[in-house]
Amino acid sequence: ESYLNAPFEVNIIGFTGDRTIILSVLHEELLRRSDILEVCLNAWKSLSYSYFYSSYEYYSGNVTDEWIQEYEIPEDFRKKISGAKLNCRKFSYIAFSAVKNAVSFHHMGESTGNSHTRNMMTYYLKKYLNLAETSPNDYSKPRMETAPIFQVEQLISHVTSITPEDIYNLVPSLNFLDQ
């Protein structure tokens, strides 16, 4: 789910090398393509919704309760996330808010048990996705100064005119890549 935090590997038969060499090969290959902007847009879209999974793993990983260890994100919600047209910042907000509220719900004694809390987690995920998609207000937070800029963000930024900050804050669109 969260390939952003996984070790950087590329499956090219007969090719071994470190991250710097692999990224330079990918950069050269990208520049040879006639559909550079479409490739960058698809990478940006994948990066955006993977921010949800990365943030979810981070925040839920800080919770030691049994209910969250047993929780699996429902398949219908996974489909909604992959189809949502949001920026990275809002995807992170959804995960943070859902985990925070489910943990609070559980620890405040409002839950009747682990199963009830897991159901509430699903409710909060859907609630905050809906809020992020429909509300005119943006409650998400900017990227923290200490947050890493991923290699794919740097690659997209180098090939196009968009900055890593814009990749994080804007909804993926060819309009931003084509300027």
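This text follows the structure it describes.
In what follows, the accompanying structure is described. (Residues numbered from 1 in each chain as written. Predicted model: local features only at pLDDT ≥ 70, side-chain atom pairs only at ≥ 80, totals over all residues. Heavy atoms only, no water.)

### Topic: the nonpolar core
The biggest cluster of nonpolar side chains holds 44 residues, and the ones touching the most others in it are Phe-52, Tyr-56, Ile-94 and Met-121. Of all the elements in the fold, those that place two or more residues in this core are helix 2 (36–61), helix 3 (66–69), helix 4 (75–83), helix 5 (88–107), helix 6 (114–134), helix 7 (151–159) and helix 8 (164–169). Residue contacts for Met-121: discarding those within four places in its chain leaves Tyr-56, Trp-67, Tyr-71, Ala-98, Val-99 and Ala-102. (Core = buried A, V, L, I, M, F, W, Y, C linked by side-chain atoms within 4.5 Å. Buried < 20%, exposed > 50% of the residue type's maximum accessible area, 1.4 Å probe, protein only. Helix = DSSP H or I, 4+ residues; strand = E, 2+ residues; numbered from the N terminus. Contact = heavy atoms within 4.5 Å.)

### Description of the pattern of salt bridges
In total, this model carries three salt bridges according to the counting rule given. Measuring nitrogen to oxygen at the nearest pair gives 2.8 Å for the salt bridge that ties Glu-70 to Arg-118. Linking Glu-70 in the loop between helix 3 and helix 4 with Arg-118 in helix 6, this pair joins segments that are 48 residues apart in sequence. Residue classification places Glu-70 among the partly exposed positions, given a relative accessible area of 41%. In this structure, Arg-89 engages Asp-138 in a salt bridge whose closest nitrogen and oxygen atoms are separated by 2.3 Å. Placement of Arg-89 in helix 5 and of Asp-138 in the loop between helix 6 and helix 7 is noted, with a sequence separation of 49 residues between them. Residue Arg-89 is classed as buried on the basis of its relative accessible area of 17%. The exposure class of Asp-138 is partly exposed, given its relative accessible area of 36%. (Salt bridge = Lys/Arg side-chain N within 4 Å of Asp/Glu carboxyl O.)

### Some details on helix 6
Compared with the 30 Å implied by 1.5 Å per residue over 21 residues, the 30 Å span of helix 6 between its first and last C-alpha is a close match. Of the positions making up helix 6, those classed as buried are Thr-117, Arg-118, Met-120, Met-121, Thr-122, Tyr-124, Leu-125, Tyr-128, Leu-129 and Ala-132. Considering only its buried residues, helix 6 is in contact with helix 2, helix 3, helix 4 and helix 5. (Expected span 1.5 Å × (residues − 1).)

These values are about where atoms sit, not about what they do.
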